[in-house]
Every structure is written in structure tokens, then in C-alpha cells.
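Spelled out, the chains give:
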Amino acid sequence: MRPTEGGRMRARGRSRTAGLLAVGVALTGALTAGLLAGPALTGALTAGLLAGPALAEPSEQPDPTDRQVATGELVPGTPCTSSARTCVDLESRSTWLFDAGQVVAGPVAMRPGDPEAPTPTGTFAVQWKAEQWTSRERLTQMPWSVFFAQGGIAFHQGDLSTPSAGCVKLAETDARQWFDYLQVGDQVQIH
């Protein structure tokens, strides 16, 4: 065996081991925090916490300390600047999609979190996406998820008559449009 082949084989082994270790650490953390216990643990393990393909896995998320900076002029009729690809106005419960500072969709209705689980404000980046996702904290479905903040905060399809757990809930048609349009790294501004 050539040395380069051996090196590659060792690297693959370390990568696989690191991946399994990360899964073990995540499960241990969930168990320790009391997020999964008894029937919830059994259900999560048998049904799986994830349904459907993720377009980028959570382990591929950018470093959450890499904060985005809003730049450019305000986009008319919105509280956001032209550097955003999507904008959320919590007060009016509206959201938009932008392209180079021009509105391409919206405003559309959205439902933010409530005072106990508020939607975070600030400037973020899309971290990853999943067509079908199940919330690990609440074990609820989150179709068309576009994750942008720590704690599993995302744009996703949901019932607009009830508050989210900090996410930005959208009607199905809008959630699909936001999912299709936004890409990993795109800027999200929430005011």
C-alpha cells in the first residue's frame, strides 16, 4: 500500500469516527438536558428526528459567531437594507424577499414567536435548509424549513393562528417560495 493511500484511509476512519462521536455527544446532551426521555426517546429513535432530505446538514452550519452586517440603503416600504435577501417586520407580521435591493415577493403574512419564545431580532445568514424537519424540542413538523439562527430558528410552514416557538411561520405557498428562493449564506434581517 502506498503512503498516500494509507493516509486517506486513516483520514476516512477519523472522519467516520468524528461523525459518530458527534451523534453520540448530541444524543447525550439531549438526554442530559431531559429533552428525550421515556416514550419521547423511544419515539424519536424509532420514528427518527428527521423526515425528508436536508439540503445542508446542521453539522455544516457556519460558525454562529460569524454575524452578518446590514449594509446599503433601506428598501422602500420595509425596515431592511439592500444587503438582505429576506426581511421580517415583527410589528406588522410581514416578510419580503429581495434581489439587489428590490422587492421580488411580499409583503406576505407571517407569525412570529410570543413573549415566552420570541423571534430573535438582528441580521443573520441562512445556515441550512430541510424540506421536512421535525423540531427536536417540540417534536412538531416544520415543512420547508430555512434555518438562520441558533436554537433551530427558521422560516417554515405553519399555522398562522398560533405563535411559533421563535420561528417565522408562513402559509404553505409562501414557505415553499422562501425555501426555493433562499440559499445557504443569504442574509436575513429581522426587525
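Cut-offs used in this document
Residues numbered from 1 in each chain as written. Predicted model: local features only at pLDDT ≥ 70, side-chain atom pairs only at ≥ 80, totals over all residues. Heavy atoms only, no water. Core = buried A, V, L, I, M, F, W, Y, C linked by side-chain atoms within 4.5 Å. Buried < 20%, exposed > 50% of the residue type's maximum accessible area, 1.4 Å probe, protein only. Helix = DSSP H or I, 4+ residues; strand = E, 2+ residues; numbered from the N terminus. Phe/Tyr/Trp six-rings, centres within 6.5 Å; stacked < 30°, edge-to-face > 60°. Lys NZ or Arg CZ within 6 Å of the ring centre and 35° of its normal. Pairing = 2+ DSSP bridges.

Inside soluble globular proteins, nonpolar side chains tend to come together where they are buried. Counting 22 residues, the largest nonpolar core has Phe148, Phe155, Val168, Leu170, Trp178 and Ile190 as its most contacted members. Within the residue set of this core, elements represented by two or more residues are strand E3 (102-109), strand E6 (145-149), strand E7 (153-157), strand E8 (168-170), helix H3 (172-181) and strand E9 (187-190). Within the second largest apolar cluster, seven residues are counted, among which are Trp128, Phe147, Ala154 and Cys167.

This part covers the packing of aromatic side chains. Inspection of the entire model under this criterion finds six aromatic pairs. Consider the rings of Phe148 and Phe155, whose centres lie 5.2 Å apart with planes at 50°: the pair is tilted. With respect to class, Phe148 is no different from Phe155; both count as buried. Through successive ring pairs, a cluster of aromatic residues spans Phe124, Phe148 and Phe155. Here Lys129 stacks its cationic end above the ring of Phe179, 4.6 Å away from the centre of that ring.

Along strand E1 (residues 86-89), one buried face is formed by Thr86 and Val88 and the opposite face, lined by Cys87 and Asp89, is buried too. For E1 and strand E2 (residues 94-99), the ladder comprises four bridges, and the chain directions are antiparallel. Bridge pairing links Cys87 to Trp96 in E2. Hairpin geometry of E1 and E2 is characterised by an intervening segment of four residues between the two adjacent antiparallel strands and by a positive phi of about 55° at Arg93. Two strands pair when backbone bridges link them, and E1 and E9 are joined in this way by three bridges, in the parallel orientation. In the sheet register, Val88 faces E9, and the bridge partner there is Ile190.

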